[in-house]
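Okay, here's what each chain looks like letter by letter:
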Amino acid sequence: MTEPFGSRLRRAMDERGPLCVGIDPHASLLAEWGLGDDVAGLERFSRTVVEATADRIAVLKPQSAFFERFGSRGVAVLERTVEEARAAGALVVMDAKRGDIGSTMAAYAESFLRKDSPLFSDALTVSPYLGYGSLSPAVALARESGTGLFVLALTSNPEGGEVQHAVRADGRDVGATMLAHLAAENAGEEPLGSFGAVVGATLGDLSSYDLAINGPLLAPGIGAQGATPSDLPRVFGAAVRNVVPNVSRGVLRHGPDVVALRDAASRFADEVRAAVAGV
Ligand SMILES: O=C(O)c1cc(=O)[nH]c(=O)n1[C@@H]1O[C@H](COP(=O)(O)O)[C@@H](O)[C@H]1O
């Protein structure tokens, strides 16, 4: 049987530290790196990030939108990026934020979580806002293929609250409800469940939420969105041990030099390790 994602992730976090580096080839970054806003630029950018980080950082998170922008040739670059990152030892979280009615969700899940898919990744970001139950086909396939999901619960953007803080008839807000679904999904899993939540590092004190979902918490927002590694203990409390903090532009702006990129990623990784060790 394939080792579950949660268990593979726990090991990677213990061995390499918990940092996730995002591969977000913004047009503005391609320009800053002296690359064209074209498929060749995209490929060079992605290859460079993989070369600098995939043999030492636990998780890489390519953001699919920046590849889809170039059509099928961009998606081909994404396929190669995922393959090369995994071959170098990183776990790949595909950031495609998929979500649809269950029967369509099954096809999205196959695109990223079925072993023989060209875009096969270790985990996928998904949106539960068609109802958590609409994600069931992805949960089932992830269990079968030893992959994972990161479900948007409390996102880092200021607009997210209008949906995620909406209070339900039972008095719980929508974000807390998503966390409860994930805790149920991960119950009894050791050392860590495979069904994670996305919880922004930008959100301040989250002590009113039960973050003990026995699964990973993907925490974007460090760097360009203003949060820092030293915020993590205050935001996540005891759950910080399961936090996978993501930095994209905060690292990527140090390219195109491979060594400078690698050093930037290592600095964030060290700061995260120091912040988490203090809890
Ligand atoms: O799921 C995500 O990764 C995500 C969720 C969220 O709440 N906020 C958020 O910023 N993200 C993603 O995380 C990355 C953040 O990038 P930087 O702000 O450049 O570090 C982008 O790829 C976003 O799409």
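Residues numbered from 1 in each chain as written. Predicted model: local features only at pLDDT ≥ 70, side-chain atom pairs only at ≥ 80, totals over all residues.

An unreviewed UniProt entry lists the protein under the name Orotidine 5'-phosphate decarboxylase, with Streptomyces nigra given as the organism. Turning to the protein, the UniProt record has this under Pathway (unreviewed entry): "Pyrimidine metabolism; UMP biosynthesis via de novo pathway; UMP from orotate: step 2/2." According to UniProt, the comment filed for the protein under the heading Catalytic activity (unreviewed entry) is "orotidine 5'-phosphate + H(+) = UMP + CO2". (UniProt positions renumbered as here; feature names shortened; annotations may be inferred.)

Trainee: Looking at this model, I keep getting lost on the overall build of the protein. Mind explaining?
Mentor: The helix and strand inventory of the protein stands at 12 helices and 8 strands. The C-alpha atoms of the protein give 18 Å as radius of gyration, which agrees with the globular expectation for 279 residues (19 Å, within 12%). In terms of its C-alpha atoms, the protein occupies a principal-axis envelope of roughly 55 × 45 × 40 Å. With 279 residues in all, the protein has 51% of them scored as buried. Sequence-distant contacts, at least 24 apart, represent 72% of the contacts inside the protein between residues at least 6 apart. (Helix = DSSP H or I, 4+ residues; strand = E, 2+ residues; numbered from the N terminus. Rg over C-alpha atoms; globule rule 2.2 N^0.38 Å. Buried ≥ 20, exposed ≤ 12 C-beta atoms within 10 Å, placed from the backbone. Contact = placed C-beta atoms within 7 Å.)

Trainee: So what exactly am I meant to see when it comes to the site of the ligand here?
Mentor: Looking at the ligand, there are 19 residues lining it, with Thr155, Ser156, Pro220, Ser248 and Arg249 nearest. Among the secondary structure elements, those contributing two or more residues to the shell around the ligand are strand 8 (243-247) and helix 11 (249-252). For the shell around the ligand, the per-class residue count stands at 4 nonpolar, 12 polar and 3 charged. (Near = placed C-beta within 6 Å. Nonpolar A, V, L, I, M, F, W, Y, C, P; charged D, E, K, R; others polar.)

Trainee: In this structure, what is going on with the UniProt feature "active site" (unreviewed entry) in the protein? I would like to understand it.
Mentor: On the UniProt side, "active site" (unreviewed entry) is annotated at positions that read Lys97 here. Its location among the elements puts lysine 97 in strand 3 (residues 91-98). If we ignore the near neighbours within four places in the chain, the residues touching lysine 97 are Thr125, Val126, Ser127 and Leu152.

Trainee: Would you mind showing me how to read the UniProt feature "domain: Orotidine 5'-phosphate decarboxylase" (unreviewed entry) in the protein here?
Mentor: Per the UniProt record, "domain: Orotidine 5'-phosphate decarboxylase" (unreviewed entry) is annotated on residues 18-264. Across residues 18-264, helical content stands at 39% and strand content at 16%; the span's end C-alpha atoms are separated by 15 Å.

Trainee: Looking at this structure, how should I read the nonpolar core?
Mentor: Across soluble globular proteins, you tend to see nonpolar side chains buried next to one another. Among the nonpolar cores identified, the biggest contains 91 residues, and Leu149, Val151 and Ala197 are the most heavily contacted of them. Tallying contributions element by element places helix 12 (residues 258-277) first for this core, with 8 residues. With sequence-adjacent residues up to four places away left out, alanine 197 is seen in contact with Phe150, Val151, Ala153, Met178, Leu179, Leu182, Ile213, Gly215 and Leu217. (Core = buried A, V, L, I, M, F, W, Y, C linked by C-beta atoms within 7 Å.)

Trainee: Whenever I open this one, the environment of valine 167 confuses me. Can you help?
Mentor: Mapped onto the elements of the fold, valine 167 is located in the loop between helix 8 (161-164) and helix 9 (174-185). By C-beta crowding, valine 167 is classed as exposed, having 10 other C-beta atoms within 10 Å.

Trainee: What exactly am I supposed to notice about the packing of helix 3 (residues 39-53) against helix 5 (residues 71-87) here?
Mentor: Packed helix pairs are specified by the crossing angle of their axes together with the interaxial distance, meaning the distance between the axes. Closest axis-to-axis distance for the helix 3/helix 5 pair is 10 Å, and the angle between their directions is 10°. In terms of orientation, helix 3 lies roughly parallel with respect to helix 5. Handedness of the crossing formed by helix 3 with helix 5: right-handed. Mapping the contact onto sequence places Val39, Leu42, Glu43, Ser46 and Val50 in helix 3 and Arg73, Gly74, Val77, Thr81, Glu84 and Ala85 in helix 5. Along the lines of polarity and charge, the residues of the contact of helix 3 with helix 5 split into 5 nonpolar, 3 polar and 3 charged. (Axes fitted to C-alpha atoms, helices over the stretch in contact; angles between N-to-C directions. Parallel < 35°, antiparallel > 145°, perpendicular 65-115°, else oblique. Left-handed = near helix turned anticlockwise from the far one by under 90°.)

Trainee: Is there a simple way to explain the sheet that holds strand 1 (residues 20-23) in this structure?
Mentor: What links the strands of a sheet is backbone hydrogen bonding, and the strands pair in either a parallel or an antiparallel sense. Taking strand neighbours around the barrel as the criterion, the 8 strands line up as 1-2-3-4-5-6-7-8 in a closed arrangement whose pairing is parallel. Along the sheet, successive strands turn relative to each other by an average axial angle of 30°, direction set aside. As judged from the 3 bridges shared by strand 3 and strand 4 (residues 123-126), these two strands associate in the parallel manner. Pairing of arginine 98 across the sheet is with valine 126, part of strand 4. Docked against the sheet, helix 5 engages strand 1, strand 2 (59-62) and strand 3, running at close to 180° with respect to strand 2. (Pairing = 2+ DSSP bridges.)

Trainee: What is the right way to look at the pairing of strand 1 in this model?
Mentor: Because side chains alternate across strand 1, one face comprises the buried residues Cys20 and Gly22, and the other comprises Val21 and Ile23, equally buried. Bridge analysis of strand 1 against strand 2 gives 4 bridges, and the strand direction is parallel. Bridging from a neighbouring strand, glycine 22 pairs with lysine 61 of strand 2.

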